[in-house]
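The lines below spell out each chain.
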Number of protein chains: 4
Amino acid sequence: MSKFKSLKEECYEANMQLPELGLVIFTFGNVSAVDRSEGLFAIKPSGVPYKDLKPEDIVIVDFDNNVLEGSMRPSSDTKTHALLYKTWDHIGGVCHTHSTYAVAWAQAGVSIPIFGTTHADHLTQDIPCTVILPDEMIEGDYEHETGNLILDTFASEGLSPEEVEMILVQNHGPFTWGKSAEKAVYNSAVLEELAKMSSITLQINPGTSRIKQTLKDKHFYRKHGANAYYGQ
Amino acid sequence: MSKFKSLKEECYEANMQLPELGLVIFTFGNVSAVDRSEGLFAIKPSGVPYKDLKPEDIVIVDFDNNVLEGSMRPSSDTKTHALLYKTWDHIGGVCHTHSTYAVAWAQAGVSIPIFGTTHADHLTQDIPCTVILPDEMIEGDYEHETGNLILDTFASEGLSPEEVEMILVQNHGPFTWGKSAEKAVYNSAVLEELAKMSSITLQINPGTSRIKQTLKDKHFYRKHGANAYYGQ
Amino acid sequence: MSKFKSLKEECYEANMQLPELGLVIFTFGNVSAVDRSEGLFAIKPSGVPYKDLKPEDIVIVDFDNNVLEGSMRPSSDTKTHALLYKTWDHIGGVCHTHSTYAVAWAQAGVSIPIFGTTHADHLTQDIPCTVILPDEMIEGDYEHETGNLILDTFASEGLSPEEVEMILVQNHGPFTWGKSAEKAVYNSAVLEELAKMSSITLQINPGTSRIKQTLKDKHFYRKHGANAYYGQ
Amino acid sequence: MSKFKSLKEECYEANMQLPELGLVIFTFGNVSAVDRSEGLFAIKPSGVPYKDLKPEDIVIVDFDNNVLEGSMRPSSDTKTHALLYKTWDHIGGVCHTHSTYAVAWAQAGVSIPIFGTTHADHLTQDIPCTVILPDEMIEGDYEHETGNLILDTFASEGLSPEEVEMILVQNHGPFTWGKSAEKAVYNSAVLEELAKMSSITLQINPGTSRIKQTLKDKHFYRKHGANAYYGQ
């Protein structure tokens, strides 16, 4: 029996939430779950439809993209996951989908404005949209460079990956992360909902202003940090 | 056994209708149910996902926000519910959600215009959208002030909470109420449907006029008041 | 046992298709089924939620709105159904809903343009939207006048109720009919789909032209009339 | 027992995926599956609702539209399928639906712009929309001419049916194909998703640019061709 059985199951369960939450069809997504003590992660195999996926199909990979266990090829986006794990040592899971509204914003090339408390309950910034990779990086080590693009966007915009757990890669789609694979999936669902709410908001009132500072801080800090009083 | 068992079950059942009606994901809502003779209400615990909620998790609180029974912290919006119960002595249930289209209108900061009979079957006014709380109230007793904001909007616009059982809190989302928790949830579902219909109406015809007085009165009063002839 | 048992069951089954097809929530619709030989029809009782409806709740009414059997009050829209049955002697069922996109067009006060073959498979005209009733008719025998409004729209626009089996009552919503209650419900589902397709079409291309004569005739007459070759 | 039993079952299973994937209501679609060695294909019978369809209802037809087996009339679109099979000898299945967003683009008469990687994962072109058939072809052998219209569009735009497995027939709706009936259905679901994403993208940012060459090539060729590294 695999020594990674429980990690694989965690990864499998998180992956299977994607079709249940309406975030993917066919093979349009992938989730990974990390084991920090072993320095490796479990990830969905490439191109396997969710309806056929089994726990034993999950692939084990280290942070330098070496496959440690598994008879299948890991997700084509593995190098993006690996670089995020390697660089951000607090994250426990990464999720990538092609969910409809989040992709629409990524295609439009626009960061999702923070219009309300649903957004501020989760982060106090617009949901960032990256620039487009230069040609040489696309033609080079593309999935690794996509990881760098995410890291560079956070660095240049002064964002914290502990406070902002989601990004739109322009022309592509959303990547999210969190303290666990389950939380990464939760963030993908939240992002899709915020993306939908914001597009409808703009249809109703194209001149909508962002939520003001006090209100967004109130909502974020009642759920996060030392003075949080939301939850149990 | 709790003396509040049946009130808790009523509250639990009403809460569980929210995910079934597609009005919430994860923890994005809360419903309460009042016991007027005892001067207290039952409310969802804070931050508990709907999929994990059990009847015994429901918390009993009085109108001054004292927890009377329950091992969990009540909803972070409890003070808003309490103030509405304390002030409007005819209401039996309160519901708050982050349903998609209602939130979009709240974010857009626009009252939902009364465009048709689906709306007039339920109320004869636009669905009001509040102003935004001043900073000192957000930084002060925020959830209590949100209750005051709702009350003030009704007072300043001359609205009756018996005729208008719903409101949008700007940048936040909908609150609804009714003679029971079940009716409050019903009103949240109606509000979401009206919000969706109205946004599509404006997309089709940005210059759409409101429904005329006679037609909205006809529909409202065939369902409500002394001369109603709708229903059994 | 009721002598109308099978008519009631036909009416019940047709009504229960409405929530299944996503066309109604709660009590937002009603379907009737006629018995031409007896000169009467079966209709949903007023204000009964679909989740609680039982076959024995269905009410039997004649074309002058007299209740012949049933312990419940018939739908508040009964007089509209009755007048359509009385005037158009070929129809076997009538359906009324508040489905989302059809209501949006009715609220916008715009006939649904015939943009494609999905529409032309069912009718060769725009889906008509009525004018608004004058105040005295709203304040008078409203539901009977709504029937007259539908009849007058067909007369003034020279439409045939055998070829056009659907209409939008302005500010209200859709009424559909057909050779049976089941066909009337089918037409409500088709209308909702056409309403959705058309609103998205206009969002993509506000200057979209109607489908040309030859193409709409081709699609309509391959399904209807003497030379039809669609179906079995 | 029919010698075409397994072909009929393949065709039946592919057809039944359409309602499951939300791509059709009632009778709004048809799928066929080819047997190249026998020079014939299996196709849905005309006008049979998906809820009533059985494997033995499937009709066997040759490439000149002669019915070889089956007690029912084949789909009214059979001649379009036949011409595609006859001309493009690599395809194994054809699918036609009236899915909502794809029809909206077809009605708008606009090719779907390639805005992102979800699109480029499947094809490197805009999804083509045909012109409208001239009257004499509509009034002539319409379904055969619809096949010619698809072939002519591919020829005049220099498209390869092996790289572009989908098209919008203007004012009508989508046709897709693939190496199997199942793949043709997959392509219909992908097309509907791309159609929805693109319409929302344009609502958010009407000035959205197409994805650049390097990025679309990267995504297409990591999934297709000699250097593909996606999948197993």
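Note that the coordinates shown come from a computational prediction; the quantities given were computed from them, not determined experimentally.

A word on the relation of the copies chain D and chain A
- Once turned by 90° and shifted 0.0 Å along the axis, chain D lies on chain A with an RMSD of 0.0 Å. The superposition operator between the copies reduces to a four-fold rotation axis. Within chain D, the C-alpha atom positioned nearest to the axis of rotation is that of D:Gln203, 5.4 Å from it.
- The share of interface residues of chain D whose copies in chain A are also at the interface is only 3%, consistent with the copies meeting through different surfaces.

Quick notes on the sheet that holds strand 5 (residues 93-97) of chain B
Residue and element names in this part refer to chain B.
- In space, the seven strands of this open sheet follow the order 4-3-2-1-5-7-6, with antiparallel pairing throughout. The outermost strands of the open sheet, each flanked by one partner alone, are strand 4 (67-69) and strand 6 (166-169). Neighbour-to-neighbour, the strand axes of the sheet open up by a mean angle of 25°, direction not taken into account.
- Pairing of strand 6 with strand 7 (residues 173-178), which is carried by four bridges, proceeds in the antiparallel orientation.

Examining the UniProt feature "domain: Class II aldolase/adducin N-terminal" (unreviewed entry) in chain A
- Mapped onto this numbering, the UniProt entry annotates "domain: Class II aldolase/adducin N-terminal" (unreviewed entry) at residues 9-199 of chain A.
- A distance of 36 Å separates the end C-alpha atoms of residues 9-199 of chain A, which is 39% helix and 17% strand.

Some details on the interface of chain B and chain A
- At the junction of the two partners, chain B supplies 37 residues and chain A supplies 32 residues.
- Around 3000 Å² of area is buried between chain B and chain A when both sides are counted, 57% of it from carbon and sulfur atoms.
- When the area that chain B buries against chain A is broken down by residue, the three leading residues are B:Phe26, B:Arg73 and B:Gln107, summing to 20%.
- Where chain B meets chain A, there are three salt bridges.
- For B:Asp77, the salt bridge goes to A:Arg222, with nearest N and O atoms at 3.4 Å.
- If you look at where chain B meets chain A, you find 22 residue pairs in polar contact (both at pLDDT 80 or more).
- Counting only elements with at least two residues in the side of chain B that touches chain A, the list comes to helix 3 (100-108), helix 5 (135-139), helix 6 (142-156) and helix 7 (181-204) of chain B.

Considering the layout of surface pockets
- Of the pockets and cavities examined, the second largest pocket occupies roughly 1100 Å³.
- Around the second largest pocket, the lining comprises 38 residues; the ones closest to its centre are A:Glu182, A:Lys183, A:Tyr186, B:Phe26 and B:Thr27.
- Among the elements of the structure, helix 1 (5-20), helix 7 (181-204) and helix 8 (213-223) of chain A together with helix 1 (5-20) of chain B are those that each provide at least two residues to the lining of the second largest pocket.

What counts and what doesn't
Residues numbered from 1 in each chain as written. Chains lettered and ligands numbered in written order. Predicted model: local features only at pLDDT ≥ 70, side-chain atom pairs only at ≥ 80, totals over all residues. Heavy atoms only, no water. Least-squares fit on C-alpha atoms with pLDDT ≥ 70 in both. Contact = heavy atoms within 4.5 Å. Pairing = 2+ DSSP bridges. Helix = DSSP H or I, 4+ residues; strand = E, 2+ residues; numbered from the N terminus. Axes fitted to C-alpha atoms, helices over the stretch in contact; angles between N-to-C directions. UniProt positions renumbered as here; feature names shortened; annotations may be inferred. Buried area = accessible area lost by both parts, 1.4 Å probe. Salt bridge = Lys/Arg side-chain N within 4 Å of Asp/Glu carboxyl O. Polar contact = N/O pair within 3.5 Å; in protein donor to acceptor, adjacent residues only side chain to side chain. 1 Å grid on protein atoms, 1.4 Å probe; cavity = no way out; pocket = protein on both sides within 12 Å on 5 of 7 lines; lining within 4 Å. Points joined across faces, edges and corners; volume = space filled by probe spheres on them.

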